[in-house]
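# Breakdown of the fold
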Amino acid sequence: MRQAGIILKLWKASIMQALEYRASFAFSILANFLDFVFGFLQYLVFFTAAQSIAGWSSQHMLVLYGVFMTVFALQFIFLYPNLVAMGEMVNSGSLDLLLTKPVNAQLILSLRRVSFEELGSLGTAIALLAWLAWNGTIQMTAGNLLLFGLGMTSSLMLVYSLFLFLMSLAVLLERLDDAAQIMWSMFALCRYPADVYPSRLRFLFFTFLPVAYLSSVPAMALLGTASPGLVFQGTIIALMAVIATTMFWRRTIRAYTSAGG
Amino acid sequence: MKNLTANLATLAAHFKIILTYRGLMLIQAVRLLLLPMVLASAWLSIEKTAENPYSDADYLLYYLMVPVILNLTDSRLVFRFPLSVRDGSLSRELLKPYPPLAGYVLESVANNLIQLLYLLPFTLIMGFLIRDRLVLGHLTLPLLGCAAAAVLLGGLLRMLVSGSISLTGFWLEDVTTLNLILNGGIWALFGGMIIPVATFPEHIRQIAELLPYRYMLSFPIEILTGRLNSGQIAQGLVTTIIWAGCFALIARQVWKRGLKVYSAYGG
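What you see is a predicted model, and the numbers here were worked out from it, not measured in a lab.

## Examining the overall build of chain B
A count of helical and extended segments in chain B gives 12 helices and one strand. Taken from the N to the C terminus, the helices and strands of chain B come in the order α-α-β-α-α-α-α-α-α-α-α-α-α. Relative to the globule expectation of 18 Å for 267 residues, the C-alpha radius of gyration of chain B, 20 Å, shows essentially globular dimensions. Over its C-alpha atoms, taken along the principal directions, chain B stretches across nearly 60 × 40 × 35 Å.

Following this line, the structure appears as structure tokens:
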């Protein structure tokens, strides 16, 4: 509870800092909204040259895009600013200072900053999904929604695992300026359904490099084509990933001897 | 001559810095290779419309070349220069008897050149592995020369676009938002990253041919695919030069005005 209180105070500080430059903040929301629109246009133009992608129609692909952008925007709001700050914290030594404080370092380092610039994308992605539900593309049954909820939870847990792994790498390598690029590259794998990949890669994406659960599986749940077994498998993999990366993080911090050491 | 020696020394210094942090090259490799491979997979698994002029061989050649061209025309100015305004390190560059922006440009060039260490072998090996599915019979020396010219001009154009955006760092705290609007999704759409420009519907292709983005990525690859005649190639090269000239003027004006307001805060 105390940790949650600290995080809320840090978020408040982040928001106040962002609102100091109100025009810049509003401009950023607009820019991210435009980026969403261009991403949306990409799909529309894509389907002038293609009738379907690996069995996914244009409407199905829009569901995937809506889910993809929701996950992407959430990681951008809650995780990205912390990942960007990590490299600098290691180099400047401020990580050392934080590690000596009586707080849960993993939690504070993971969530101390928020950036609401992606609110434009998040809002539009949710609006897109709502429209697809209204026009009947999304199958709004209780079972599908339950599987979607579980799929989204697994997706966010997997994103957090990757984030924590990169945070650990930033500590280990002492310089990881472009860590966010790896994160975004992983997201690149999720822009299209896992079905587009050759069978061996597809197996990899459903097991050891579980990117299929980031957007494809939750989108399949909304379309009513995901089996409960597949969604549960994603949850188990996500849980294992969180446990493994937490252990890796703790090991890294134990071995950390300050940036110069 | 003096400047050439200084430029070569700066380039060599940046090579050494990049090789010191060679772990970062892995991240660059992921960034450059992953999305084109994803897109190639996506395009190979589509059911094409009747109007789509590209065959699987065209898509394979296109996305095989994307990482190399994407890298060669890449520019890191927009990430580096605004930082130097914020932390004041630009002040040091202004005092040196050396063009102040040259260091940032050469850092970007060094970064692009060094990525070729793995990009060229990767492209050659992949090309060899899928040689049965590639059509390369049309490649001639003049065509390769035109593609090389298009890459050089495309790289210059992207550098000038990124440079113009990065120079707004004299006024803006964070230029990444502006970069996202002018150089992000719109570049991915009209530059041919997600969809080869040649496969756009006619009216959208005409817009793409007028905008500068196509010439930073798609145009050199379109030359290599052999789908452009000499008139279209010449037209594309001239359009690239015109856009580069426009952005050179914009960058010059922004630089002159920016220097007047620069107060070296933080330095």
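Anyway, onward from the coordinates.
## Some remarks on the environment of Ser115(A)
All names here are of chain A. On the secondary structure map, Ser115 appears in the loop between α6 (105-111) and α7 (119-134). Linking Ser115 and Leu97, residues 18 residues apart in sequence, is a C-alpha distance of 23 Å. Ignoring sequence-local partners within four residues, the contact set of Ser115 consists of Phe76, Ile77, Tyr80 and Pro81.

## A few points about the packing of helix α4 (residues 80-92) of chain A against helix α9 (residues 179-189) of chain A
Residue and element names in this part refer to chain A. Relative orientation of the contacting elements α4 and α9 amounts to 145 degrees, with a least axis distance of 8 Å. On the side of α4, the interface is formed by Tyr80, Leu83, Val84 and Gly87, while α9 contributes Ala179, Ala180 and Met183. Looking at side-chain class alone, the contact of α4 with α9 contains six nonpolar, one polar and no charged residues.

## Thoughts on unusual backbone geometry
A negative phi angle characterises most non-glycine residues, just as the trans form characterises most peptide bonds. Phi at Ala54(A) takes a positive value of approximately 45 degrees, unusual for a residue other than glycine. Topologically, Ala54(A) is positioned in the loop between β1 (50-53) and α3 (58-78).

## Considerations on the interface of chain A and chain B
Contact residues are listed per partner, giving 33 residues for chain A and 33 residues for chain B. Those elements that place two or more of their residues in the side of chain A that touches chain B are α2 (22-49), β1 and α9 of chain A. Tallying contributions element by element places α2(A) first for the side of chain A that touches chain B, with 14 residues. Of the residues that constitute the side of chain A that touches chain B, the class distribution is 19 nonpolar, nine polar and five charged. Both β1(A) and strand β1 (residues 46-48) of chain B contribute to a ladder of three bridges, which runs antiparallel. Paired with Ser52(A) across the two strands is Glu47(B), which belongs to β1(B).

About the criteria used
Residues numbered from 1 in each chain as written. Chains lettered and ligands numbered in written order. Predicted model: local features only at pLDDT ≥ 70, side-chain atom pairs only at ≥ 80, totals over all residues. Helix = DSSP H or I, 4+ residues; strand = E, 2+ residues; numbered from the N terminus. Rg over C-alpha atoms; globule rule 2.2 N^0.38 Å. Contact = placed C-beta atoms within 7 Å. Axes fitted to C-alpha atoms, helices over the stretch in contact; angles between N-to-C directions. Nonpolar A, V, L, I, M, F, W, Y, C, P; charged D, E, K, R; others polar. Pairing = 2+ DSSP bridges.

Purely geometric stuff here, so don't read any function into it on its own.
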